[in-house]
Amino acid sequence: MTLWYLARAAGVVTMVMFTLSAVLGMVMPNVRRPERRFWLQYVHRSAAVTGLVLLTTHVVAVIADSYVAISPTVLVWPFGAGYRPFAMAVGGLALYSLVLASLVGASRGRLAASATFTKYWRKLHIAASAGWLLAIGHALLAGTDRSTPWMLAITIGCLAAVATAGVYRLNAAPKLTRAWRTQ
């Protein structure tokens, strides 16, 4: 039972951490004060790294749990899981997307001098958004608690937080574009 509880808790908190990171990532371009932007970016990255550590914990606990028949091969071929194969495939795709986004994010500072990398960074970083959305889908499809009121509340809260941040960013975008052109 310990592994099952660990897997569940790590999965839920992973979703919350990636939601926090997504929200901060969306509102950060609207922050102009350098010291506030520094701290928001610090928390954004810390939430993402914490999410990755918890995601690893979630995956290891699920694979190690003998009650659920999920083997390590699901990491290579997520469609071959014996337990809810579609839900596991969605989770595997979320894992791939989030790891790609973390690698791109981690290398951003090192490759900032490369004009090509800088040009494509945002397009590559969008994998984080895809990964987050796939993780929400995985939670709704695979979780043993997916239909409980508390889990639905957390999932809807995560969706609402990201949707609110998205609306905020879209509403502030024209102001930012004009501000950039005048500087």
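It should be noted that the structure appears before, not after, this text.
Predicted, not measured: the structure shown is a model, and the values here were computed from it.

(A) Quick peek at the overall build of the protein chain. Across its full length, the protein chain carries 6 helices and 0 strands. When the helices and strands of the protein chain are listed from N to C terminus, the series reads α-α-α-α-α-α. Projected onto its principal axes, the C-alpha positions of the protein chain cover 60 × 35 × 25 Å. By residue count, 35% of the 183 residues in the protein chain fall in the buried class. Within the protein chain, counting contacts between residues at least 6 apart in sequence, those at least 24 apart form 65% of the total. Just so you have it, the protein chain exposes about 11100 Å², and 71% of that area is on carbon and sulfur atoms.

(B) Representation of the environment of A81 in the model. With respect to the helices, strands and loops of the structure, A81 is situated in the loop between helix 2 (34-64) and helix 3 (85-107). For the pair A81 and S71, spaced 10 residues apart in sequence, the C-alpha separation works out to 7.5 Å. Leaving out residues up to four positions away in the same chain, A81 has contacts with V74 and M88.

(C) Summary view of the packing of aromatic side chains. In this structure the tally under the stated criterion is 3 aromatic pairs. Centroid distance W4 to Y5: 5.2 Å. Interplanar angle 50°. Geometry classified as tilted. Measuring from ring centre to ring centre gives 5.7 Å for W39 and Y42, while their planes differ by 80°; the resulting arrangement is edge-to-face. In this pair, W39 and Y42 are both assigned in helix 2, 3 residues apart and thus about one turn of the helix distant. Here W39 falls in the exposed class, since its relative accessible area comes to 52%. The exposure class of Y42 is partly exposed, given its relative accessible area of 49%. Ring pairs connect the aromatic residues F38, W39 and Y42, which therefore count as one cluster. The cationic tip of R8 hangs over the ring face of W4; the distance from NZ or CZ to the ring centre is 4.1 Å.

(D) Quick look at a positive patch on the surface. A cluster of basic residues, R32, R37, R45, R108 and R122, forms a positive patch at the surface. As for its position among the elements, R122 is in helix 4 (residues 115-125). Classification of R122 as exposed rests on a relative accessible area of 56%.

(E) Highlighting the nonpolar core. If you look at the biggest cluster of nonpolar residues, it comprises 17 residues, and the most contacted ones within it are M15, L55 and W132. Secondary-structure elements contributing two or more residues to this core are helix 1 (2-27), helix 2, helix 3, helix 5 (127-142) and helix 6 (149-182). Looking at this core, the element that brings in the most residues is helix 1, giving 6 residues. Other than its neighbours up to four places away in sequence, L55 contacts T14, F18, L95 and L98. Counting residues in hydrophobic clusters, the runner-up holds 7 residues, among them I70, A87, M88 and A142.

(F) Summary view of a nonpolar patch on the surface. On the surface, L75, V76, W77, F79, L93 and Y96 cluster together into a nonpolar patch covering about 610 Å² of accessible area. Mapped onto the elements, V76 comes out in the loop between helix 2 and helix 3. Looking at V76, the relative accessible area reads 68%, which means it is exposed.

Thresholds applied
- Residues numbered from 1 in each chain as written.
- Predicted model: local features only at pLDDT ≥ 70, side-chain atom pairs only at ≥ 80, totals over all residues.
- Heavy atoms only, no water.
- Helix = DSSP H or I, 4+ residues; strand = E, 2+ residues; numbered from the N terminus.
- Buried < 20%, exposed > 50% of the residue type's maximum accessible area, 1.4 Å probe, protein only.
- Contact = heavy atoms within 4.5 Å.
- Areas by Shrake-Rupley, 256 points an atom, 1.4 Å probe, with all protein chains shown as cover.
- Phe/Tyr/Trp six-rings, centres within 6.5 Å; stacked < 30°, edge-to-face > 60°.
- Lys NZ or Arg CZ within 6 Å of the ring centre and 35° of its normal.
- Patch = residues over 30% accessible without salt bridge, like charges linked within 9 Å, V, L, I, M, F, W, Y side chains within 5 Å.
- Salt bridge = Lys/Arg side-chain N within 4 Å of Asp/Glu carboxyl O.
- Lys, Arg positive; Asp, Glu negative; His and termini not counted.
- Charge placed at Lys NZ, Arg CZ, Asp CG, Glu CD.
- Core = buried A, V, L, I, M, F, W, Y, C linked by side-chain atoms within 4.5 Å.

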